[in-house]
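# Structural features, examined
So you can see what is in the structure, the chains are spelled out below.
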Amino acid sequence: MDMKNTLDGKSLTIQKIYQWSQTPGLQLSLTEDSVKKVKASRAYIEKRISAGDIMYGVNTGFGAFASTTISNKDIEQLQKNLIRSHCAGIGEPLSIEQSRAAMILRANTLAQGHSGVRVEVLEKIFELLQKDLIPKIPCQGSVGASGDLAPLAHLALALIGEGEFWDAQGKSFEPLQLKAKEGLALINGCQIMTAIGIISAYQAKHLALLADISAATTIEGLRGSRSAFDPLIAAVRPHDGENQTAFNLRKILGEKSEISESHKDCHRVQDPYSLRCTPAVHGAVKRNLKSILQTLEIEANSSTDNPLVFADENKILSCGNFHGEPVAMALDLGKIALSVLANISECRISKLIHPNFSELPAFLAADGGLQSGLMIVQVAAASLVSENKILSHPACVDSIPTSTDKEDHVSMGTIASRQFTQILRNAEYVIAMEFLAAAQALDFLKPLKPTAGVQKVYEQIRNVVSFADQDRVFAKDIQAILQLIKTEKFLSEIETVTGELQW
């Protein structure tokens, strides 16, 4: 098997997780070193059981029942009961990609050899992935501490042959028979919130570059100044994101164009903040997204079980590594970052449709009055931006005690991850709306030509959406542009003219 498709518990990257999450029939295996660690951990657990030692989750109840000892004859039943009782998830299922990512992440944490499971547990996860038997996992019901208990229980339920799958027609497998501690090891961790977060954060990275491109297109459509992106400015405020954004804007806008030259002697001394401050705002978004991706990658390669098994040190340690706070805080920050990105984009849309600033027809309508133009496109963008503000309230500050106050502080990280994803979707639509409006503005500036980078953007937009010479269903235009800009081809086509943009 290709070495790229092995797990060792410590080498997963965000890009690999994302790519694997999109791969039906994914084939994975453990490295030889990981197999040894998993076997050693399991042997140690069995040795302690044989010695009659009392260990949480192995031969005790769970949570508030931790002081209840379970007899050896009931240990395997205990694990089944745990999975069944914890399947209390509700709501719509995660996407296939999100569920696949959660399976990959859970296997990776077990691969570290600190959970005391048999190799067969990981092999069963690999078998389901290879057969594309992806569990249906409800998206709601986790408070993000003691792990994503409810949703991960639905994943585990599938492994033991009692769960639901997206498409099981014509597919079969031998259900996993859980042994001591294995049920607990499958549900203690933050793999649901992390899986959702990784997929969305990876897409957010692409969106941050799209926002630079849409901003540059708007700046050209509004005949804005390039002076605010001079490298001298970024050099005296050396935030890396700000420097990169200014670099990208210079690359896309070039030094001058027919459009910019036509307006160089105008009365406008300074552009509005939404144009002039794009490097500062977009740069801050990029910087925080990088931090979020780093946190998620650390989490992907962490042991988040409880208790943790350290066979070489002769220890089994109860701990709190299952607590989702690192992920929850990171994704709450991500919510704010993407909300800001959408917010400044909407400000630019507002300038494009405002004749007092753009000096173009009101609402970019070809026959204003009879035609409404992009009036309600901006209204829809404003709606999404306002919704994002509400969703940006930090989930992680809203702890509620659970399990008779035994689990008295929780992260709500899975709520944060779902909100982060919704804000991302909203922000993508707003950026698509900005492209729609900016392209319309460029048409009104003809025969003046934009810079080569903006021209390439314009041509790609016009390949899927024509100039609006009369009112039409703009929702279709927005959707068409959204599908275009989400492709890697859209970015690569622009970079054939501008050179590689910086992230």
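Keep in mind that this is a model prediction, so the values were computed, not measured.

How each quantity is defined
Here, residues in each chain are numbered from 1, in the same order as that chain's written sequence. Note on the predicted model: pLDDT of at least 70 is required for a residue's local features to be given, and 80 or more for side-chain atom pairs to be given and counted; whole-chain, interface and lining totals, by contrast, use all residues. With hydrogens and water excluded, all non-hydrogen atoms of the structure serve as input to the side-chain values. A carboxyl oxygen of Asp or Glu within 4 Å of a side-chain nitrogen of Lys or Arg is what we treat as a salt bridge. Only DSSP runs of H or I covering at least 4 residues are called helices, and only runs of E covering at least 2 are called strands; the numbering of each starts at the N terminus. Burial classes follow relative accessibility: with a 1.4 Å probe on protein chains only, a residue under 20% of its type's maximum area counts as buried, one over 50% as exposed, and anything between as partly exposed. To estimate how far a helix should extend, the number of its residues minus one is multiplied by 1.5 Å. Any Phe, Tyr or Trp ring, taking Trp's six-membered ring, that has another such ring centre within 6.5 Å forms a pair; planes under 30 degrees apart are called stacked, those over 60 apart edge-to-face, and the others tilted. By the criterion adopted, a ring carries a charge over it if an Arg CZ or a Lys NZ lies within 6 Å of its centre and within 35 degrees of its normal. Only heavy atoms matter for contacts: two residues are in contact if any of them lie within 4.5 Å across the pair. Lines fitted to C-alpha atoms define the axes here, with helix axes fitted over just the stretch in contact, and angles between the N-to-C directions of these axes take values from 0 to 180 degrees. Note on terminology: angles under 35 degrees are roughly parallel, angles over 145 are roughly antiparallel, angles of 65 to 115 are roughly perpendicular, and the others are oblique. For a crossing to be left-handed, the near helix must be turned anticlockwise from the far one by less than a right angle; the clockwise case is right-handed. Nonpolar residues are Ala, Val, Leu, Ile, Met, Phe, Trp, Tyr, Cys and Pro. Charged residues are Asp, Glu, Lys and Arg, and all others, Gly as well, are polar.

In this section: the pattern of salt bridges. Applying the stated criterion across every chain yields a total of 23 salt bridges. We note a salt bridge from Glu162 to Arg84, for which the minimum N-O separation is 2.7 Å. In this pair, Glu162 sits in the loop between helix 6 (149-159) and helix 7 (182-187) while Arg84 sits in helix 3 (residues 75-86), placing the two residues 78 residues apart along the sequence. Judged by its relative accessible area of 38%, Arg84 is partly exposed. A cluster of three or more residues bridged by salt bridges with shared partners is formed by Lys124, Glu127 and Lys131.

We now examine helix 5 (residues 119-130). A rise of 1.5 Å per residue sets the reference length of helix 5, with its 12 residues, at 16 Å; its end C-alpha atoms lie 17 Å apart and thus fit the reference within 8%. Following helix 5 by one or two positions, Asp132 adopts a phi angle in the positive range, close to 55 degrees.

Under the definition given, this model contains four aromatic pairs. For Lys290, the ring lying beneath its charged end belongs to Trp503, and the centroid distance is 5.7 Å.

A separate point is the environment of Ile187. As for its placement among the helices and strands, Ile187 is situated in helix 7. Through-space distance from the C-alpha of Ile187 to that of Thr278 is 43 Å; in sequence the pair is 91 residues apart. If near-sequence neighbours (up to four positions away) are discounted, Ile187 is found in contact with Leu82, Ile83, His86, Ser146, Gly147, Asp148, Leu149, Leu152, Ala153 and Ala156.

Residues spaced three or four apart along an α-helix face the same direction, because each turn holds 3.6 residues. A rise of 1.5 Å per residue sets the reference length of helix 10 (residues 240-253), with its 14 residues, at 20 Å; its end C-alpha atoms lie 20 Å apart and thus fit the reference within 8%. Listing the buried residues of helix 10 in full gives Gly241, Glu242, Gln244, Thr245, Ala246, Asn248, Leu249, Ile252 and Leu253. Residues of helix 10 that are buried make contact with helix 8 (191-221), helix 13 (278-300), helix 18 (452-464) and helix 20 (488-498). Immediately beyond the C-terminal end of helix 10, within one or two residues, lies Gly254, with a positive phi of roughly 65 degrees.

With that settled, consider the packing of helix 14 (residues 325-353) against helix 16 (residues 375-391). Following both chains from N to C, one finds helix 14 and helix 16 inclined at 160 degrees, their axes separated by 9 Å at the closest point. Between helix 14 and helix 16, the crossing angle belongs to the class labelled roughly antiparallel. Viewed along their axes, helix 14 and helix 16 form a crossing whose handedness is left-handed. Of helix 16, the residues touching helix 14 (which contributes Lys335, Ser339, Ala342, Asn343, Glu346, Ile349, Ser350 and Ile353) are Gln378, Ala381, Ala382, Val385, Asn388, Lys389 and Leu391. For the contact of helix 14 with helix 16, the residue count by class is seven nonpolar, five polar and three charged.

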